[in-house]
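# Coordinate analysis (summary)
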Amino acid sequence: MQLPTLNFMRVNQRPEPQMVRGAGSYLFDQDGKRYLDFIQGWAVNCLGHSPAAIKRAIVAQLDQVMNVGPALYNQPALSLAARLCELSGLDRAFFANSGAEANEAAVKLCRKWAQKRRPGAFEVITTRDSFHGRTLAMTCATGKAGWDSAFPPRVEGFVKAPYGDVAAIASMLTDQTAAVMVEPIQGEAGAVTPPSGYLRELRALCDERGVLLVLDEVQTGIGRTGPLFAFEAEGVRPDLVTLGKGLGGGLPISALLATREASCFDDGDHGSTFGGNAVCCAAALAVLEVLTEPKGREAREESSRRLELALHRAGEFAGARLRGQGHLFGLVLPSNDAEKIRDRAFEQGLLLNAARPNVLRFMPALDVGQVEIDEMLALLLDVLAAVSQRRKECA
Ligand SMILES: *Cc1c(COP(=O)(O)O)cnc(C)c1O
């Protein structure tokens, strides 16, 4: 049955069908139509739709306790903090419910740290075309054109450098700078990958100038780009890391990880009513358990290679350039047809994201199999052919 949508506040454009069921790489709408999902809740469902491991963990936790609130400890939250610190090499974890909130916590912590260790500093250098979330402060931290002036007055304290350019950040770094905050790969910009050595050079710069390095791994973290954390690829240890999206495998949980030295909140400085909720933490523990099994890691690397190969073929067919890695890819088209391709793919039962007018983004489950990759490629080639045919007819 199709429900009325009138009371659902419109904040974006959505297609008419209503999703009622999901399994692995597939979604089903109210009429039973099947969709092959290469969006997965916006890079969130790292183990696909309704995976058994998460279901089991949630149900077991519900049998124990659902919610104890932020004034008391609960065991899943403590286990998750310990596990994330062990896996990341950082020392402290704070839990929130969304990526934007984790980034807010990070910026507050940077300002607090500066009050104590670098008096007069408060600015955070971010990058152009970055995405850090949709709270008032994060719209101003975000580097999308026009975002910091959309809801005036703007939140002060963010400076934008070009992405992938360490020298530019070095030239903007002043006594007022508290931290540098970047995504290891820019996700919302369409899987924009910096030159290799970027994080290493930023680490060296931040050390030399005595400011904090914050990595927004809300999209790149939890295996999305290959390693559990994207920073592992460059062997750096950031001062702060934020996680979200894939962390709960579909449940709302985010985290701020920090070194001991940077963790300087005083009691009462920060908090979150739902942060560290026992059920969401149990889900995140299940995600980490699956992702750290050695056998699963090999399978995911194989899945990534197959995905990259398929997207290369699509790219050759369309004259498009492929960028990204792991299970986060952008196909840069020679024309601004991304939305047309997305809409036509939707009709054909394939869910894709148009990250930019000329960029398609792919963020499937990390265990997406050869059958689904083959099906995606066949559907995508059909759609690319149809859209380019239409373009020729119209010319
Ligand atoms: C999605 C995203 C966010 C915002 O996360 P929300 O859960 O929507 O608040 C922040 N940073 C990056 C890099 C993201 O991809």
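Above: the structure in question.
Keep in mind that this is a model prediction, so the values were computed, not measured.

Attention now moves to the site of the ligand. Around the ligand, the neighbouring residues are Ser98, Gly99, Ala100, Asn103, Phe131, His132, Gly133, Glu183, Asp216, Val218, Gln219 and Lys245. At a separation of 2.8 Å, a nitrogen atom of the ligand approaches a polar side-chain atom of aspartate 216. Between lysine 245 and the ligand, the recorded distance is 2.6 Å, taken from a side-chain N or O atom to an oxygen atom. Against a free-state accessible area of 390 Å², the protein chains account for coverage of 82% of the ligand.

For the rest of this paragraph, the subject is the sheet that holds strand β13 (residues 350-351). The strand order across the open sheet built from four strands is β1-β2-β3-β13, with neighbouring strands paired in mixed fashion. In the strand order of this sheet, the two ends are held by β1 (19-23) and β13, each with one partner. Two elements, β1 and strand β2 (residues 26-29), share four bridges in a ladder whose sense is antiparallel. Bridge assignment links alanine 23 to a residue of β2, and that residue is tyrosine 26. Seen against the sheet, helix α11 (residues 370-394) touches β2, β3 (34-37) and β13 and runs at an angle of roughly 105 degrees to β3.

Helical geometry note: an α-helix holds 3.6 residues per turn, so side chains three or four residues apart project in the same direction. Between its terminal C-alpha atoms helix α4 (residues 99-117) stretches 26 Å, which fits the 27 Å expected from 19 residues at 1.5 Å a residue. Those residues of α4 that sit buried are Gly99, Ala100, Ala102, Asn103, Ala105, Ala106, Val107, Leu109, Cys110, Lys112, Trp113 and Ala114.

Quick look at the sheet that holds strand β9 (residues 240-243) now. Strand pairing in a sheet relies on backbone hydrogen bonds, with the paired strands running either antiparallel or parallel. Across the sheet, seven strands lie side by side as β4-β10-β9-β8-β7-β5-β6; this open sheet has mixed pairing. Of all strands in the sheet, those bounded by a partner on one side alone are β4 (92-96) and β6 (158-161). Ignoring strand direction, the axes of neighbouring strands in this sheet form an average angle of 20 degrees. Two strands pair when backbone bridges link them, and β9 and strand β10 (residues 254-258) are joined in this way by four bridges, in the antiparallel orientation. Within β10, the position partnered with threonine 242 by the bridge is leucine 256. Sheet contacts for helix α3 (residues 75-88): β4, β9 and β10; angle to β4, the most-contacted strand, approximately 125 degrees.

Let us now look at the packing of α3 against helix α8 (residues 278-291). Put simply, α3 and α8 touch, their axes get as near as 8 Å, and they point 35 degrees apart. For α3 against α8, the interelement crossing comes out left-handed. Residues Pro76, Ala77, Ser79, Leu80, Arg83, Leu84 and Leu87 of α3 touch α8, and the partners they reach there are Ala278, Cys281, Ala282, Ala284, Leu285 and Leu288.

So, how was this worked out
Residues numbered from 1 in each chain as written. Predicted model: local features only at pLDDT ≥ 70, side-chain atom pairs only at ≥ 80, totals over all residues. Heavy atoms only, no water. Near = heavy atom within 4 Å. Polar contact = N/O pair within 3.5 Å; in protein donor to acceptor, adjacent residues only side chain to side chain. Areas by Shrake-Rupley, 256 points an atom, 1.4 Å probe, with all protein chains shown as cover. Pairing = 2+ DSSP bridges. Helix = DSSP H or I, 4+ residues; strand = E, 2+ residues; numbered from the N terminus. Contact = heavy atoms within 4.5 Å. Axes fitted to C-alpha atoms, helices over the stretch in contact; angles between N-to-C directions. Expected span 1.5 Å × (residues − 1). Buried < 20%, exposed > 50% of the residue type's maximum accessible area, 1.4 Å probe, protein only. Left-handed = near helix turned anticlockwise from the far one by under 90°.

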